[in-house]
Amino acid sequence: MPAVVSSRIPPVLDPLRSQPDAAAHELPALLTRLAAVPDPRKPRGVRHGLVYVLALTACAVLTGATSILAISEWLPMRDRRSRTASAPVAAR
């Protein structure tokens, strides 16, 4: 008997597996669409805009994160990699 999946992310993405990859000209539209998602959070304590949270979450899922925990672990790794990649060559 297969194990029960504790994350809802894989079942939600199953219908998307048969879709073609996004073309480069379609990617800016993704951010536009994410920006149109209403933010259900109360303003008190909001540190990051919802569009950024959704975009980074999408990136984490596209790189293999399948749970909220995996997404939260991916974010600090992404931050370290991006700082290293964008640092001037002399500083490395």
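About the criteria used
- Residues numbered from 1 in each chain as written.
- Predicted model: local features only at pLDDT ≥ 70, side-chain atom pairs only at ≥ 80, totals over all residues.
- Heavy atoms only, no water.
- Helix = DSSP H or I, 4+ residues; strand = E, 2+ residues; numbered from the N terminus.
- Areas by Shrake-Rupley, 256 points an atom, 1.4 Å probe, with all protein chains shown as cover.
- Expected span 1.5 Å × (residues − 1).
- Buried < 20%, exposed > 50% of the residue type's maximum accessible area, 1.4 Å probe, protein only.
- Salt bridge = Lys/Arg side-chain N within 4 Å of Asp/Glu carboxyl O.
- pLDDT = per-residue confidence, 0-100.
- Axes fitted to C-alpha atoms, helices over the stretch in contact; angles between N-to-C directions.
- Parallel < 35°, antiparallel > 145°, perpendicular 65-115°, else oblique.
- Left-handed = near helix turned anticlockwise from the far one by under 90°.
- Contact = heavy atoms within 4.5 Å.
- Nonpolar A, V, L, I, M, F, W, Y, C, P; charged D, E, K, R; others polar.

(A) The overall build of the protein chain, seen in detail. When you go through the protein chain residue by residue, the secondary structure sums to 4 helices and 0 strands. Along the protein chain, helices and strands appear, N-terminal first, in the series α-α-α-α. When the accessible surface of the protein chain is split by element, carbon and sulfur atoms take 64% of a total near 8,000 Å².

(B) Up close: helix α3 (residues 50–62). Taking 1.5 Å per residue as the helical rise, α3 with its 13 residues ought to reach 18 Å, and the 18 Å between its terminal C-alpha atoms agrees with that figure. Listed in full, the buried residues belonging to α3 are Leu50, Ala55, Ala60 and Val61.

(C) Spatial organisation of the pattern of salt bridges. Under the definition given, this model contains 1 salt bridge. For Arg41, the salt bridge identified is with Asp39, shortest N-O distance 2.8 Å. Its relative accessible area of 33% is what places Arg41 among the partly exposed residues. Given the relative accessible area of 34%, Asp39 is considered partly exposed.

(D) Broad picture of the confidence of the model for the protein chain. Summarising the model, the protein chain shows a mean pLDDT of 75, and 65% of its residues fall at 70 or more. The element-level mean pLDDT for the protein chain is lowest in helix α1 (residues 9–13), coming to 60, with α3 highest at 89.

(E) Up close: the packing of helix α2 (residues 27–35) against α3. Two elements in contact, α2 and α3, have axes whose closest approach is 8 Å; the angle formed by their N-to-C orientations is 130°. Comparing their axes, α3 and α2 come out oblique. Where α2 crosses over α3, the two elements pack in a sense that is right-handed. Contact residues: α2 offers Leu31, Leu34 and Ala35, while α3 offers Val51, Leu54 and Ala55. Looking at the contact of α2 with α3 residue by residue, the classes come out as 6 nonpolar, no polar and no charged.

(F) Here's a closer look at the environment of Leu34. With respect to the helices and strands, the residue Leu34 is situated in helix α2. Look at Leu34 and you get buried, because its relative accessible area is 16%. Distance from Leu34 to Tyr52, taken between C-alpha atoms, is 8.6 Å for residues 18 residues apart in sequence. The contact partners of Leu34, leaving out residues within four places of it in the chain, are Val51, Leu54 and Ala55.

(G) A look at the environment of Ala36. Structurally, the position occupied by Ala36 is in the loop between α2 and α3. When its relative accessible area of 61% is taken as the criterion, Ala36 is described as exposed. Counting along the chain gives 15 residues from Ala36 to Val51, while the straight-line C-alpha distance between them is 8.2 Å.

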